[in-house]
Amino acid sequence: MANVKEFSVEEKLNGLVTLQKTESKLDELRILKGELPMEVADLEDEITGLTARQTRVEEEINGVTEFIQQRKDAIKESEGLIAKYEKQSENVKNNREFEAINKETEMQQLEIKLAEKHIKDATEEISEKAGTLEKAKKNIALKDGILSTKKSELDKIIAANEKEEKHYSKLASEAKEHVDPRLLASYEKIRKSYRNGLAVVPVERDACGGCFYYVPPQKQSEIKQHKKVIICENCGRILVDEELANNIEVK
Ligand SMILES: [Zn+2]
């Protein structure tokens, strides 16, 4: 890397404290949003799933409706044939022909009965599916309602925070420029490993401000000298003296 700027330990510490304070502000803003971003994403996923299910049921209903129509057409065809046979039976020449026509007629009557049974079953199936569909639609409408409430809550918070977020994000990237990459990397690693996001803490009442582990006087005076970066031997957080921490204000 060309042009790496060398920082004194004091500059680095100041940069780290500024960065920590700025990012803590950003954390606060994030906490304000709470679970909302996750809840919104979950609801959106759920609605996508429900809508796909709804489409599937609609397609099934269309399929069954088509089947009913086919059976109705088949009935018409059979009725047409029966009418034809009736006419033919008026001109039969012998008993054998008469019986043959009778047999054909009976077969078509059976076909009609079977088709009617199919139509009845399919109609029941449709009403069952229609019930499922209605429930699905109601469920989607309900979730849509919840989603739009949560979304507008979130949008309000985002809008309210937007200015502050931008401001602190800018401050954070400026502060990062005053910390060398290696130290920045360990800062970020420590920060990620703690729920409260604190990687740089002051020594308060002889203890680490992060884990409250005792910091002996010898170590405290080393910390005050700003000659090297010192970490808490218990929690690994970067320790600074209270004075340095208090001198830096992030607004
Ligand atoms: Zn500690």
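See the structure printed just above.
It should be emphasised that the depicted structure is a prediction, and the values quoted were computed from it without experimental measurement. (Residues numbered from 1 in each chain as written. Predicted model: local features only at pLDDT ≥ 70, side-chain atom pairs only at ≥ 80, totals over all residues. Heavy atoms only, no water.)

Draft legend 1. Inspection of the pattern of salt bridges at higher detail. Applying the stated criterion across every chain yields a total of 17 salt bridges. Among the ionic pairs, Asp121 bridges to Lys117, the shortest N-O distance being 2.8 Å. With a gap of four residues between them, Asp121 and Lys117 both fall in helix H3 (residues 95-176), about one helical turn apart. When salt bridges with common partners are traced through the structure, they connect Glu23, Asp27, Arg30, Lys176, Glu188 and Arg191 into a single cluster. (Salt bridge = Lys/Arg side-chain N within 4 Å of Asp/Glu carboxyl O. Helix = DSSP H or I, 4+ residues; strand = E, 2+ residues; numbered from the N terminus.)

Draft legend 2. Focus on the packing of aromatic side chains. Scanning all chains against the criterion turns up zero aromatic pairs. A cation sits over an aromatic face here: Arg237 above Tyr194, 3.6 Å from the ring centre. (Phe/Tyr/Trp six-rings, centres within 6.5 Å; stacked < 30°, edge-to-face > 60°. Lys NZ or Arg CZ within 6 Å of the ring centre and 35° of its normal.)

Draft legend 3. Summary view of H3. In the structure, H3 departs most strongly from a straight axis at Asn161, where the bend amounts to approximately 50 degrees. The N-capping residue of H3, defined by a side-chain oxygen 3.2 Å from the backbone nitrogen of Arg96, is Asn94. (Bend = angle between axes of the 7 residues up to and from the residue. Polar contact = N/O pair within 3.5 Å; in protein donor to acceptor, adjacent residues only side chain to side chain.)

Draft legend 4. Up close: the side chain of Arg191. Mapped onto the elements, Arg191 comes out in helix H4 (residues 181-193). Here Arg191 is in contact with Gln20, Glu23, Asp27, Arg30, Gly197 and Ala199, once residues within four sequence places are set aside. (Contact = heavy atoms within 4.5 Å.)

Draft legend 5. The coordination of the zinc ion, seen in detail. Around the zinc ion, the donor atoms from the protein are Cys208 (SG), Cys211 (SG), Cys232 (SG) and Cys235 (SG), and they sit 2.2 to 2.3 Å away. Note that the zinc ion binds four donor atoms; their angles at the metal cover 104 to 114 degrees, and the shape is tetrahedral. When the donor residues of the zinc ion are listed from N- to C-terminus, their spacing reads C-x2-C-x20-C-x2-C. When its relative accessible area of 3% is taken as the criterion, Cys232 is described as buried. The class for Cys235 is buried, based on a relative accessible area of 12%. (Donors = N, O, S within 2.8 Å, 3.2 Å for Na, K, Ca; no water. Tetrahedral: all angles 85-135°; square planar, octahedral: opposite > 155°, others 65-115°. Buried < 20%, exposed > 50% of the residue type's maximum accessible area, 1.4 Å probe, protein only.)

Draft legend 6. Here's a closer look at the packing of helix H1 (residues 9-33) against H4. Where H1 contacts H4, the axes come no closer than 12 Å and their chain directions differ by 35 degrees. H4 is crossed by H1, and the crossing has right-handed handedness. Mapping the contact onto sequence places Lys12, Leu16, Leu19, Gln20, Glu23, Asp27 and Arg30 in H1 and Leu183, Leu184, Tyr187 and Arg191 in H4. Here the contact of H1 with H4 is composed, by residue class, of five nonpolar, one polar and five charged. (Axes fitted to C-alpha atoms, helices over the stretch in contact; angles between N-to-C directions. Left-handed = near helix turned anticlockwise from the far one by under 90°. Nonpolar A, V, L, I, M, F, W, Y, C, P; charged D, E, K, R; others polar.)

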